[in-house]
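In case you want the letters, here they are:
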Amino acid sequence: SSDLGPVRWMAPESIRDRIYSPKSDVWMFGCLIYEIMVQQEPHLNTDPIEVAIKIRDQNATPGIPNVDATIQNLLKACWASNPSERPTMSQVLQHLSIYVPIQASHI
């Protein structure tokens with residue numbers, strides 16, 4: 001799977017159809033948030049090929065960590081099965097601005 005990419009972070013459509021978009025970036029950013037909150041890579045104890053198959057076929061996510069509800073809800077939104085239902089990166093940043101103020105000019 002080395003030619004595919006970093007499957008542990010990849011969106012289902014990226015694995016399945018090699019579609020990369022701002023919405024697949026949002027999925028990956030959700031995985032980064034997960035990694036920061038849990039302090040380990042997503043799907044850490046699963047073989048990368050198995051991870052790729054589960055993400056591709058079942059829209060598998062790393063799981064929602066036991067963190068505050070705002071982050072949990074953001075992760076759920078970032079990992080929506082349908083890419084069009086995922087937030088934009090601007091919307092993600094607005095959710096995160098309660099933790100780190102972001103100037104509107106940077107969005």
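See the structure shown above.
Residues numbered from 1 in each chain as written. Predicted model: local features only at pLDDT ≥ 70, side-chain atom pairs only at ≥ 80, totals over all residues. Heavy atoms only, no water.

Participant: Would you mind showing me how to read the packing of aromatic side chains here?
Facilitator: How two aromatic rings sit relative to each other is given by the distance of their centres and the angle of their planes. A complete count under the given rule lists 2 aromatic pairs for this structure. On the basis of an interplanar angle of 50° and a centroid distance of 6.4 Å, the ring pair of W27 and W79 is categorised as tilted. Of this pair, W27 sits in helix α2 (residues 22-38) while W79 sits in the loop between α4 (69-78) and α5 (89-96), and the two are 52 residues apart along the sequence. Among the residues examined, W27 registers a relative accessible area of 1% and is labelled buried. Among the residues examined, W79 registers a relative accessible area of 6% and is labelled buried. Their ring planes at 55° and their centres at 6.4 Å tell us that Y34 and W79 sit as a pair that is tilted. Of this pair, Y34 sits in helix α2 while W79 sits in the loop between α4 and α5, and the two are 45 residues apart along the sequence. For the pair shown, Y34 and W79 are each scored as buried. Grouped by ring-pair contacts, the aromatic residues W27, Y34 and W79 constitute a single cluster. (Phe/Tyr/Trp six-rings, centres within 6.5 Å; stacked < 30°, edge-to-face > 60°. Helix = DSSP H or I, 4+ residues; strand = E, 2+ residues; numbered from the N terminus. Buried < 20%, exposed > 50% of the residue type's maximum accessible area, 1.4 Å probe, protein only.)

Participant: What's the story with unusual backbone geometry in this structure? I'm lost.
Facilitator: Among all residues except glycine, the phi angle is most often negative; among peptide bonds, the trans geometry is most common. In this structure, H43 takes a positive phi of about 55° despite not being glycine. Counting through the fold element by element, H43 comes out in the loop between α2 and α3 (48-58). In this structure, N59 is a non-glycine residue whose phi angle is positive, near 55°. In this fold, N59 is placed in the loop between α3 and α4.

Participant: Got a minute to help me understand the pattern of salt bridges in this structure?
Facilitator: Pairing between side chains becomes possible if they bear opposite charge and their charged atoms approach one another. According to the stated counting rule, one finds 5 salt bridges in the structure shown. Notably, a salt bridge pairs D57 with R56, separated by 2.6 Å at the nearest N-O pair. (Salt bridge = Lys/Arg side-chain N within 4 Å of Asp/Glu carboxyl O.)

Participant: Just to check I follow, could you spell out a nonpolar patch on the surface for this structure?
Facilitator: Taken together, L32, I36 and M37 make up a surface patch of nonpolar side chains, about 260 Å² in accessible area. Overall, the relative accessible area of 35% leaves M37 in the partly exposed class. (Patch = residues over 30% accessible without salt bridge, like charges linked within 9 Å, V, L, I, M, F, W, Y side chains within 5 Å. Areas by Shrake-Rupley, 256 points an atom, 1.4 Å probe, with all protein chains shown as cover.)

Participant: I tried to follow the side chain of R86 on my own but got confused; where do I start?
Facilitator: Mapped onto the elements of the fold, R86 is located in the loop between α4 and α5. Residue R86 is classed as buried on the basis of its relative accessible area, which comes to 2%. In this structure, R86 is in contact with A11, P12, E13, K23, S24, V26, W27, A77, C78, A80 and S81, ignoring residues within four places of it in sequence. (Contact = heavy atoms within 4.5 Å.)

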